[in-house]
Amino acid sequence: MTYFGKNLKRFREDRNISQRELARKARLGTSTIEKYESNEQIPDTQIILKLSTVLDIPASELLESETIAHHPAGIDGEIEQLIKEIGVKRTKLILRKAKEFTEEDFLRVMQMLYEIKYE
């Protein structure tokens, strides 16, 4: 989730929305938005969904890292590297399961993975 704050700020600025306006629309405090953008605080799944709705973007885009490079065949360079690191077999298994997830399921899984790793 280290990219969350950077992505939130970028999408907010792309839409010419101030932190105050985003906070008002999402029913949060301005200081909370400031903490999210500076990665001092990580929001829970419901807040991520609320922010994605206000910004009119898929919640997953708030969680994604930036694209590193594009492969000539159209495969993102970072994805290609991740496949190499975890292996084709594990990648296929993960992606097959991920296809079945709703956006909310995916965010819950991401939150659980974060908690396992950092708490």
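As a reminder, the structure under discussion sits directly above these lines.
Residues numbered from 1 in each chain as written. Predicted model: local features only at pLDDT ≥ 70, side-chain atom pairs only at ≥ 80, totals over all residues. Heavy atoms only, no water.

**Student:** Mind showing me how you'd approach the environment of Leu51 here?
**Tutor:** Along the chain, the position of Leu51 falls in helix 4 (residues 45-55). With relative accessibility at 0%, the residue Leu51 sits in the buried group. Separated by 43 residues in the primary sequence, Leu51 and Leu8 have C-alpha atoms spaced 8.4 Å apart. With sequence-adjacent residues up to four places away left out, Leu51 is seen in contact with Phe4, Leu8, Leu22, Ala26, Leu28, Ile33, Tyr36 and Leu62. (Helix = DSSP H or I, 4+ residues; strand = E, 2+ residues; numbered from the N terminus. Buried < 20%, exposed > 50% of the residue type's maximum accessible area, 1.4 Å probe, protein only. Contact = heavy atoms within 4.5 Å.)

**Student:** Got a minute to help me understand the packing of aromatic side chains in this structure?
**Tutor:** Two aromatic rings, taken as a pair, are described by how far apart their centres are and by the angle between their planes. In total, this model carries two aromatic pairs according to the counting rule given. Both rings, one in Phe4 and one in Tyr36, keep their centres 6.2 Å apart while their planes meet at 80°; by these two values the pair is edge-to-face. Here the residue Phe4 occupies a position in helix 1 (residues 4-14), and Tyr36 occupies one in helix 3 (residues 30-37), the gap between them amounting to 32 residues. For the pair formed by Phe4 and Tyr36, the shared burial category is buried. Cation over ring: Arg10 sits above Phe11, and NZ or CZ is 4.5 Å from the ring centre. (Phe/Tyr/Trp six-rings, centres within 6.5 Å; stacked < 30°, edge-to-face > 60°. Lys NZ or Arg CZ within 6 Å of the ring centre and 35° of its normal.)

**Student:** Even after reading the chapter, I still don't get helix 7 (residues 88-99), so can you show me in this structure?
**Tutor:** Given 3.6 residues per turn, any residue in an α-helix points the same way as the ones three and four places further on. Look at helix 7: 16 Å from first C-alpha to last across twelve residues, which is about the 16 Å you get at 1.5 Å a residue. Among the twelve residues of helix 7, one are classified as buried, and the element is accordingly described as predominantly exposed. (Expected span 1.5 Å × (residues − 1).)

**Student:** Would you explain helix 4 in this entry?
**Tutor:** Within helix 4, the full set of buried residues consists of Thr45, Ile47, Ile48, Leu49, Leu51, Ser52 and Leu55. Here the buried face of helix 4 lies against helix 1, helix 2 (19-26), helix 3, helix 5 (59-63) and helix 8 (103-118). Taking the backbone nitrogen of Gln46 as reference, a side-chain oxygen 3.2 Å away marks Asp44 as the first, capping residue of helix 4. Asp56, located one to two residues past helix 4, shows a positive phi value of around 60°. (Polar contact = N/O pair within 3.5 Å; in protein donor to acceptor, adjacent residues only side chain to side chain.)

**Student:** Sorry, what's going on with the pattern of salt bridges here?
**Tutor:** Two side chains of opposite charge can pair, provided their charged atoms sit close to one another. Across all of its chains, the model carries five salt bridges by this definition. A salt bridge links Arg108 to Glu104, with the shortest nitrogen-to-oxygen separation between them at 3.9 Å. With a gap of four residues between them, Arg108 and Glu104 both fall in helix 8, about one helical turn apart. What makes Arg108 partly exposed here is its relative accessible area of 44%. Residue classification places Glu104 among the partly exposed positions, given a relative accessible area of 36%. Note that Arg108 is salt-bridged to Asp105, the shortest N-O span being 3.1 Å. Of the two residues, Arg108 and Asp105 both sit in helix 8, three residues apart, roughly one turn of that helix. Members of the salt-bridge network, linked through shared partners, are Arg12, Glu13 and Glu37. (Salt bridge = Lys/Arg side-chain N within 4 Å of Asp/Glu carboxyl O.)

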